Amino acid sequence: LDRQSYLFALSGLFLLLVLISGGFKYVINMRKGALGERLLQRLRLDLFSAILRFRPEMLQRIKPPEAATIIKDEVEPIGGFVGDAFVQPVFLAGQALTALVFILVQNVALGLIAASMILVQGAIIPRLRREQIRLGRQRQIESRAFAGKIGEVVETMAEVTNHGTSAVERSQVAQRLELLFGIRYRLYGRKFAVKTLNNLLAQITPFLFYVVGGYFALAGRLDLGQLIAVIAAYRDLPSPVKELIDWDQQRLDVEAKFQQVVEHFALNGDTW
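Residues numbered from 1 in each chain as written. Predicted model: local features only at pLDDT ≥ 70, side-chain atom pairs only at ≥ 80, totals over all residues. Heavy atoms only, no water.

### Considering the overall build of the protein
Part 1 of the reasoning: The number of helices and strands found in the protein is 10 helices and zero strands.
Part 2 of the reasoning: For the protein, the C-alpha radius of gyration of 27 Å lies well beyond 19 Å, the compact-globule estimate for 272 residues.
Part 3 of the reasoning: Seen along its three principal axes, the alpha-carbon backbone of the protein occupies a region of about 90 × 45 × 35 Å.
Part 4 of the reasoning: Across the 272 residues that make up the protein, the buried fraction comes to 31%.
Part 5 of the reasoning: Counted over contacts in the protein with a minimum sequence separation of 6, partners at least 24 positions apart contribute 86%.
Part 6 of the reasoning: Of the accessible surface of the protein, which amounts to about 17300 Å², a share of 64% is contributed by carbon and sulfur atoms.
Part 7 of the reasoning: One way to put it: in the protein the 32 positive side-chain charges average out to a point 4 Å from where the 25 negative ones average out. (Helix = DSSP H or I, 4+ residues; strand = E, 2+ residues; numbered from the N terminus. Rg over C-alpha atoms; globule rule 2.2 N^0.38 Å. Buried < 20%, exposed > 50% of the residue type's maximum accessible area, 1.4 Å probe, protein only. Contact = heavy atoms within 4.5 Å. Areas by Shrake-Rupley, 256 points an atom, 1.4 Å probe, with all protein chains shown as cover. Lys, Arg positive; Asp, Glu negative; His and termini not counted. Charge placed at Lys NZ, Arg CZ, Asp CG, Glu CD.)

### Thoughts on the pattern of salt bridges
Where charged atoms of side chains with opposite charge meet at close range, the side chains can pair.
Part 1 of the reasoning: Applying the stated criterion to the full structure yields seven salt bridges.
Part 2 of the reasoning: Note that Lys-149 and Glu-169 form a salt bridge whose closest N and O atoms lie 2.9 Å from each other. A residue pair is termed long-range when its members are at least 10 positions apart, and Lys-149 in helix α6 (residues 108–155) and Glu-169 in helix α8 (residues 166–218) qualify at 20 residues. Glu-169 shares its class with Lys-149; the two are buried.
Part 3 of the reasoning: Of the charged contacts, one joins Glu-255 and Arg-251 as a salt bridge, the two residues approaching to 3.6 Å between their closest N and O atoms. Taken together, the residues span about one helical turn, with Glu-255 and Arg-251 both in helix α10 (residues 238–264) at a distance of four residues.
Part 4 of the reasoning: You can call Glu-255 partly exposed: its relative accessible area is 41%. (Salt bridge = Lys/Arg side-chain N within 4 Å of Asp/Glu carboxyl O.)

### Topic: the packing of aromatic side chains
Aromatic ring pairs are defined here through the distance separating the ring centres and the angle between the ring planes.
Part 1 of the reasoning: One pass over the structure, following the stated rule, counts four aromatic pairs.
Part 2 of the reasoning: Judged by centre distance (5.9 Å) and plane angle (25 degrees), the rings of Phe-181 and Tyr-185 are stacked. You can see Phe-181 and its partner Tyr-185 sitting in helix α8, four residues apart, about one turn around the helix.
Part 3 of the reasoning: The exposure class of Tyr-185 is exposed, given its relative accessible area of 59%. (Phe/Tyr/Trp six-rings, centres within 6.5 Å; stacked < 30°, edge-to-face > 60°.)

### Some remarks on the confidence of the model for the protein
The predicted coordinates ought not to be read in detail in places where the model reports low pLDDT.
Part 1 of the reasoning: Confidence in the prediction for the protein averages 82 pLDDT; 94% of positions are at 70 or higher.
Part 2 of the reasoning: The element-level mean pLDDT for the protein is lowest in helix α2 (residues 56–59), coming to 66, with helix α1 (residues 3–53) highest at 88.
Part 3 of the reasoning: Contacts from residues 267–272, a stretch scored under 50 in pLDDT, to residues over four places away or in other chains number 16 contacts. (pLDDT = per-residue confidence, 0-100.)

### Topic: the environment of Ser-49
Part 1 of the reasoning: If you trace the backbone, Ser-49 turns up in helix α1.
Part 2 of the reasoning: Of the polar contacts made by the side chain of Ser-49, one reaches the backbone oxygen of Leu-45; its length is 2.8 Å. (Polar contact = N/O pair within 3.5 Å; in protein donor to acceptor, adjacent residues only side chain to side chain.)

### Re helix α5 (residues 84–106)
Residues spaced three or four apart along an α-helix face the same direction, because each turn holds 3.6 residues.
Part 1 of the reasoning: Here α5 contains 23 residues, and its C-alpha end-to-end distance of 33 Å stays within 8% of the 33 Å for a straight helix at 1.5 Å per residue.
Part 2 of the reasoning: Of the positions making up α5, those classed as buried are Ala-85, Pro-89, Leu-92, Ala-96, Ala-99, Leu-100, Ile-103 and Gln-106.
Part 3 of the reasoning: The secondary structure elements touched by the buried residues of α5 are α4 (76–82), α6, α9 (224–234) and α10. (Expected span 1.5 Å × (residues − 1).)

### Here we look at the nonpolar core
Part 1 of the reasoning: One finds Ile-103, Leu-110, Phe-209 and Leu-237 to be the most contacted residues of the largest nonpolar core, which totals 21 residues.
Part 2 of the reasoning: For this core, the elements supplying multiple residues, two or more each, are α5, α6, α8, α9 and α10.
Part 3 of the reasoning: The element best represented in this core is α6, accounting for five residues.
Part 4 of the reasoning: In terms of nonpolar packing, the next biggest core, distinct from the first, is built from 17 residues, Leu-40, Leu-43, Phe-54 and Ile-70 among them. (Core = buried A, V, L, I, M, F, W, Y, C linked by side-chain atoms within 4.5 Å.)

Structure (structure tokens):
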């Protein structure tokens, strides 16, 4: 091929690969969505079937608004996570590994620095988020109880009016709202503290690249073009690593929510 034909051939190949990539993404996203929705449909049907199998004395322990909230809202994140349960970590790990291998090829020392910081993030951030998961679980339990309390008051509104207990009910609801505020405030503090630390760790690596890589370049042990290539490649590394850590956080959250649902619908050893 001459120069112009070669240019057109490469451009056409690029366009073909873009179309193929778009087709893959469309098919994968459609199948992920279908998988999540089918699992969510089956899970909700199983939970409703579990209610139908409860004995009368067990039904008295479950408030209708709580059961409706669990079946309708609390299992929603489980279905949304199933589609990304396997695709997301493979995709993100592939991105991170590609950038890391490129950095290692350019300079082993800088590659080891990047790998070390990734290991530090992977070890510290999930540990700090355990308290965040515990608070999230506590918030979910209290929110469920709050919904049950509201439903109970609405169902017995005639008795509340007749006995003049509106002030008592208002005080109890205010206490529950104050408790929810305290849990949410602690959750926000933990969440943004972890995010700040994660961003700090992500910015330490470029600092080390500038210091160590700059020293190697001045000492003649590293080509300036290689240093620029390493810094450019690192721009593609923090994002998939952060998303992988977020995926693990979401996995733990979904696992905790699923356990709560199982515990709530498996009273006195009854399972579904």
